[in-house]
Amino acid sequence: MTTEELALLHKAAADPRGQIAVKRNPNGSWHGDRDHLQALADRGHVLTLGESMGPHIGGTFAVWQITPEGRALVERSVDA
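Residues numbered from 1 in each chain as written. Predicted model: local features only at pLDDT ≥ 70, side-chain atom pairs only at ≥ 80, totals over all residues. Heavy atoms only, no water.

Student: What exactly am I supposed to notice about the overall build of the protein here?
Tutor: From N to C terminus, the protein includes three helices and three strands. Helices and strands in the protein line up, N terminus first, as α-β-α-β-β-α. Taken over 80 residues, the protein has a buried fraction of 30%. Across the protein, the fraction of contacts at a sequence separation of at least 24, relative to all contacts at a separation of at least 6, is 55%. Total accessible area computed for the protein in this model is approximately 5,000 Å², and 55% of it derives from carbon and sulfur atoms. Between the mean site of the 8 positive side-chain charges and the mean site of the 10 negative ones, the protein shows a separation of 6 Å. (Helix = DSSP H or I, 4+ residues; strand = E, 2+ residues; numbered from the N terminus. Buried < 20%, exposed > 50% of the residue type's maximum accessible area, 1.4 Å probe, protein only. Contact = heavy atoms within 4.5 Å. Areas by Shrake-Rupley, 256 points an atom, 1.4 Å probe, with all protein chains shown as cover. Lys, Arg positive; Asp, Glu negative; His and termini not counted. Charge placed at Lys NZ, Arg CZ, Asp CG, Glu CD.)

Written as structure tokens, this is what we have:
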């Protein structure tokens with residue numbers, strides 16, 4: 001697991017709903033964190049909730065939810 005992926009897991013764990021979102025860039029590309037979050041989803045640490053429109057025109061977000069496995073990994077990393 002990369003340090004970036006662990007940092008994203010920590011952000012999701014800190015959110016009251018256990019969620020983290022990445023906004024699509026104006027040119028249609030995604031922020032690089034999306035690849036890290038997809039890797040976490042592939043390993044079962046987050047669950048992909050899909051894409052949603054934000055409150056502003058052109059604001060599309062991809063959203064993930066931390067899983068119990070992801071939360072346990074965060075807790076173990078804090079204890080280490």
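Student: What's the story with helix 1 (residues 3-14) in this structure? I'm lost.
Tutor: The first and last C-alpha atoms of helix 1 sit 16 Å apart over 12 residues, in line with the 16 Å expected at 1.5 Å per residue. Buried residues of helix 1: Glu5, Leu8, Leu9, Ala12 and Ala13, and no others. The arc that holds every buried residue of helix 1, seen down its axis, measures 140 degrees, which confines them to one face. Facing away from the buried surface of helix 1 by more than 90 degrees, the exposed residues are Thr3, Lys11 and Ala14. Buried-residue contacts for helix 1 involve strand 1 (19-23), helix 2 (33-42), strand 2 (46-53), strand 3 (60-66) and helix 3 (68-79). (Expected span 1.5 Å × (residues − 1). Arc of directions from axis to C-beta.)

Student: Which parts of the structure should I look at to understand the packing of aromatic side chains?
Tutor: A ring pair, where both rings are aromatic, is described by two values, the distance of the centres and the angle of the planes. Counted under the stated rule, the structure contains zero aromatic pairs. Directly above the aromatic system of Trp30 lies the positively charged group of Arg34, at a separation of 4.6 Å from the ring centroid. (Phe/Tyr/Trp six-rings, centres within 6.5 Å; stacked < 30°, edge-to-face > 60°. Lys NZ or Arg CZ within 6 Å of the ring centre and 35° of its normal.)

Student: Is there a simple way to think about the packing of helix 1 against helix 2 in this case?
Tutor: Angle between the axes and distance between the axes are the two parameters that describe a pair of packed helices. Where helix 1 contacts helix 2, the axes come no closer than 9 Å and their chain directions differ by 80 degrees. Of the possible angle classes, the one that applies to helix 1 and helix 2 is roughly perpendicular. Residues Glu4, Glu5, Leu8 and Leu9 of helix 1 lie in contact with helix 2, whose contacting residues are Asp33, His36, Leu37, Ala39 and Leu40. (Axes fitted to C-alpha atoms, helices over the stretch in contact; angles between N-to-C directions. Parallel < 35°, antiparallel > 145°, perpendicular 65-115°, else oblique.)

Student: Looking at this structure, I do not really get the nonpolar core. What am I missing?
Tutor: The nonpolar side chains of soluble globular proteins are, as a tendency, buried together. By size, the foremost hydrophobic cluster in this structure holds 15 residues, and its most contacted members are Leu9, Ile20, Leu37, Leu40, Val46, Trp64 and Ile66. If you list the elements that add at least two residues to this core, you get helix 1, strand 1, helix 2, strand 3 and helix 3. The element contributing the most residues to this core is helix 1, with four residues. Not counting the four nearest positions on each side in its chain, Trp64 is found in contact with Gly18, Gln19, Ile20, Val22, Arg34, Leu37, Gln38, Ala41, Val46, Leu47, Thr48 and Leu49. (Core = buried A, V, L, I, M, F, W, Y, C linked by side-chain atoms within 4.5 Å.)

Just distances and angles here, no functional claims.
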